[in-house]
Amino acid sequence: MAASQALSEQLTRARLDRDEGYRMLDLLQDEATQQALFPDLERLVPGYADWIVTALFGGTYLREGLSPRDRQLVNLAALTALGGVDPQLSGHVKTSLRVGMTPREITEVFVHLAPYIGVPRALAGLRVAAAALADVEQEAGR
């Protein structure tokens, strides 16, 4: 990088596409998952939900290098390791199904995580996953 160039000229331009972000959100997350977060968030902090959709779904998710399935594996692992984010983990379990993962593959993620993040965290994640998978199964049966 040339020192005489402005920083904005030295860095690769980020792709942030608001419209594509909303299309990606609709592709990945069902209506119930979206409604669980965004309306309350919009009332509390106007504009923040739009920023999340634009930056994450219209930016990070559009980057090359990882498939939607791979991104979901990373999301499941990160959220489980973090702990205390059950609503987000539940939504990503449902999203994992939408990108083609099977319930067996999803539950195996938590088994694989146990030696890395600890059995209690892995079990907590598995409980969230089991409830989310049961919700999806119940919704399909209606």
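Right above here is the structure, for reference.
Residues numbered from 1 in each chain as written. Predicted model: local features only at pLDDT ≥ 70, side-chain atom pairs only at ≥ 80, totals over all residues. Heavy atoms only, no water.

**Structural notes on the overall build of the protein**
So, point 1. When you go through the protein residue by residue, the secondary structure sums to 8 helices and 0 strands.
So, point 2. For the protein, the succession of helices and strands along the chain, N to C, is α-α-α-α-α-α-α-α.
So, point 3. Based on the C-alpha atoms only, the size of the protein along its principal axes is roughly 60 × 35 × 30 Å.
So, point 4. Within the protein, the proportion of its 142 residues that are buried is 33%.
So, point 5. As displayed, the protein has an accessible area near 9100 Å², and 57% of this comes from carbon and sulfur atoms.
So, point 6. For the protein, the distance from the average site of its 14 positive side-chain charges to the average site of its 18 negative ones is 3 Å. (Helix = DSSP H or I, 4+ residues; strand = E, 2+ residues; numbered from the N terminus. Buried < 20%, exposed > 50% of the residue type's maximum accessible area, 1.4 Å probe, protein only. Areas by Shrake-Rupley, 256 points an atom, 1.4 Å probe, with all protein chains shown as cover. Lys, Arg positive; Asp, Glu negative; His and termini not counted. Charge placed at Lys NZ, Arg CZ, Asp CG, Glu CD.)

**Digging into the packing of helix 6 (residues 86-98) against helix 7 (residues 103-117)**
So, point 1. Contact geometry of helix 6 with helix 7 gives a least axis separation of 9 Å together with a crossing angle of 140°. As summarised for this structure, helix 6 and helix 7 are arranged oblique, according to the angle between their axes. Here helix 6 and helix 7 pass one another in a crossing that is right-handed. Along the contact surface, helix 6 presents Leu-89, Val-93, Ser-96 and Leu-97, while helix 7 presents Pro-103, Ile-106 and Phe-110.
So, point 2. In the contact of helix 6 with helix 7, the residues fall into 6 nonpolar, 1 polar and no charged. (Axes fitted to C-alpha atoms, helices over the stretch in contact; angles between N-to-C directions. Parallel < 35°, antiparallel > 145°, perpendicular 65-115°, else oblique. Left-handed = near helix turned anticlockwise from the far one by under 90°. Contact = heavy atoms within 4.5 Å. Nonpolar A, V, L, I, M, F, W, Y, C, P; charged D, E, K, R; others polar.)

**Concerning the nonpolar core**
So, point 1. If you look at the biggest cluster of nonpolar residues, it comprises 14 residues, and the most contacted ones within it are Leu-76, Leu-89, Val-93 and Ile-106.
So, point 2. Discounting chain neighbours no more than four positions away, the residues touching Leu-89 are Leu-76, Leu-79, Thr-80, Phe-110, Gly-125 and Val-128.
So, point 3. Of all hydrophobic cores here, the second largest spans 11 residues; its members include Leu-28, Phe-38, Leu-41 and Val-53. (Core = buried A, V, L, I, M, F, W, Y, C linked by side-chain atoms within 4.5 Å.)

The quantities given are spatial measurements derived from coordinates; they are silent on function.
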